[in-house]
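Listed here are the chains, written in short residue letters.
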Amino acid sequence: MNTFLTFYQNLGPTLTLLVIATFLLAGAVKGVIGMGLPTVAMGLLGLAMLPAQAAALLIIPSTVTNLWQLAFGGHLSALLKRLWPMLLLIFLGTGLGTVWLGMDGGRWVVRALGGALLVYALSGLFMPTFKVKTSTERWFGPVCGLITGLITSATGVFVIPAVPYLQALGLNRDQLVQALGLSFTVSTLALATGLAWRGTLGGGEVTASLLALVPALLGMWLGQALRQRISAVLFKRIFFIGMALLGVHLLISG
C-alpha cells in the first residue's frame, strides 16, 4: 500500500464503496450529536477489514472534524488548564498500549473492538447521570485518560471512559462540545503516532484517509441540517442501540 491507488485497488470496488458510505454515515452522526465519527467508522469498517487498517483510514477525517469542533466555543484556554492531566495520560496511555498491546491483528482485536462498542452503547443507554467532585477530578481524570489511551491503542475507539467522564464534569453545552473535540483530537493524534510507529500509517494510508474526509464532511453537513428536523434524544438512542448490536456481532464473529 505504497500509494493511494494501490490502497484502494487492494480494497476493491466493494470495500471502497463501503468506506465512502461509512464515512458519510459517520459524519452525519457527528453532525447530529457532536460525536461518533470514529466509533461508527471503526465499528462498520471492522466488519470488513483489520482494525489497524480501519484506524488508519479515520485519522484525517477524525482530526479535521474534531479540530473544527474544537475551534468554536471560546473555552479552549480554560479547558486546557482543567483537562491537561487527563489529555496527557490519554497520549501516554495510547503510547504504552501501542507498545504493549498494539492493533496488529488477531481475533482478540476484533473482539476487543466489539467489547468497546458494546460498553460504550450500554453506558450511553443506561448509565445514570453523575457528577465528579473537584477533589475527585484531580486523580480520576488522569485514570480515565490512561484507560482511554489503552483502549484506543487496542481498538481505535476513544470514547470510553473519556466521554462519560467529561459529561460528569458539569460543563455547559458549549464547553462540553469543545471538551469532547479536545479529547478526541488528542486521542486521534496519539493513535496516528502509534500506527506510524508500528508501520501501519504510511503515505498511502494517509492519502487514502484524505479521500475519506470528503464523505465525512458531506455527512457532517447533512447531519447538522438534519439536527434541526429530528429529536436529538431519539437519534442518540437509535445510535447507541445500533452500536450495541454492532458490538455484539463483532464479539460473536471476531
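I will try to describe carefully the structure that is included in this document. Note that this is a predicted model, so its numbers are computed, not measured.

### Notes on the packing of aromatic side chains
Consideration 1: In the structure shown here, the tally under the stated rule is six aromatic pairs.
Consideration 2: Ring centres of Y120 and F240 lie 5.3 Å apart, and the angle between their planes is 75°; this geometry places the pair in the edge-to-face category. Placement of Y120 in helix α5 (residues 107-126) and of F240 in helix α10 (residues 232-253) is noted, with a sequence separation of 120 residues between them. As far as burial versus exposure is concerned, Y120 and F240 are alike and both buried.
Consideration 3: Taking 5.9 Å as the distance between ring centres and 50° as the angle between the ring planes, the aromatic pair formed by F158 and F184 counts as tilted. Note that F158 is positioned in the loop between α6 (134-155) and α7 (162-167) and F184 in helix α8 (residues 173-197), a separation of 26 residues in sequence.
Consideration 4: The exposure class of F184 is buried, given its relative accessible area of 2%.
Consideration 5: Through pairs of rings, three or more aromatic residues link up here, namely Y120, F239 and F240.

### Digging into the environment of L17
Consideration 1: Summarising the element assignment, L17 is placed in helix α1 (residues 4-33).
Consideration 2: A relative accessible area of 58% places L17 in the exposed class.
Consideration 3: Spatially, the C-alpha atoms of L17 and T207 are 17 Å apart, while their sequence positions differ by 190 residues.

### Describing the side chain of T188
Consideration 1: One can find T188 in helix α8.
Consideration 2: T188 sits in the buried class, given a relative accessible area of 0%.
Consideration 3: Setting aside chain neighbours within four positions, we find T188 in contact with I59, S62, T63, N66 and F158.

### Observations concerning helix α3 (residues 51-71)
Consideration 1: Taking 1.5 Å per residue as the helical rise, α3 with its 21 residues ought to reach 30 Å, and the 29 Å between its terminal C-alpha atoms agrees with that figure.
Consideration 2: Along α3, 16 of the 21 residues are buried, which leaves the element largely enclosed by surrounding structure.
Consideration 3: Immediately beyond the C-terminal end of α3, within one or two residues, lies G73, with a positive phi of roughly 140°.

Thresholds applied
Residues numbered from 1 in each chain as written. Predicted model: local features only at pLDDT ≥ 70, side-chain atom pairs only at ≥ 80, totals over all residues. Heavy atoms only, no water. Phe/Tyr/Trp six-rings, centres within 6.5 Å; stacked < 30°, edge-to-face > 60°. Helix = DSSP H or I, 4+ residues; strand = E, 2+ residues; numbered from the N terminus. Buried < 20%, exposed > 50% of the residue type's maximum accessible area, 1.4 Å probe, protein only. Contact = heavy atoms within 4.5 Å. Expected span 1.5 Å × (residues − 1).

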